[in-house]
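One letter stands for each residue in the lines below.
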Amino acid sequence: MEYAVLEWDKGGVSGFVRVIATHQSKMSADSVVGVSPPYYEREAITMEEYQRLRDEEEELNR
């Protein structure tokens, strides 16, 4: 299974989320999450979940 890593500002209210990596193995994604700077939150999600979120965002922007 492949994973994407998302990042956002801790305590931020903007709701802006950056995509740090895509198509990563679980071990690689967990490594990227593990080196998160102290002022950011990072989370690894499956590529299926990432695609679902992208589809929802695209639908909202229509």
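Worth saying up front: this structure is predicted, and the values here are computed from it rather than measured.

Undergrad: Tell me about the overall build of the chain, and please be specific about residues and values.
TA: Along the chain, the regular secondary structure elements total 2 helices and 3 strands. Ordered by position from the N terminus, the helices and strands of the chain form the series β-β-α-β-α. With respect to the three principal axes, the spread of C-alpha positions in the chain is 35 × 30 × 10 Å. The buried share among the 62 residues of the chain stands at 21%.

Undergrad: Talk me through the pattern of salt bridges; I want residue IDs and the actual numbers.
TA: Scanning the model with the defined rule gives 9 salt bridges in all. For Glu7, the salt bridge goes to Arg18, with nearest N and O atoms at 3.2 Å. With a gap of 11 residues between them, Glu7 in strand 1 (residues 3–9) and Arg18 in strand 2 (residues 18–24) connect regions that are remote in the sequence. Residues participating in the shared-partner salt-bridge network are Glu7, Asp9, Arg18 and Arg42.

Rules used throughout
Residues numbered from 1 in each chain as written. Predicted model: local features only at pLDDT ≥ 70, side-chain atom pairs only at ≥ 80, totals over all residues. Heavy atoms only, no water. Helix = DSSP H or I, 4+ residues; strand = E, 2+ residues; numbered from the N terminus. Buried < 20%, exposed > 50% of the residue type's maximum accessible area, 1.4 Å probe, protein only. Salt bridge = Lys/Arg side-chain N within 4 Å of Asp/Glu carboxyl O.

Limitation: the analysis is restricted to geometry and does not speak to function.
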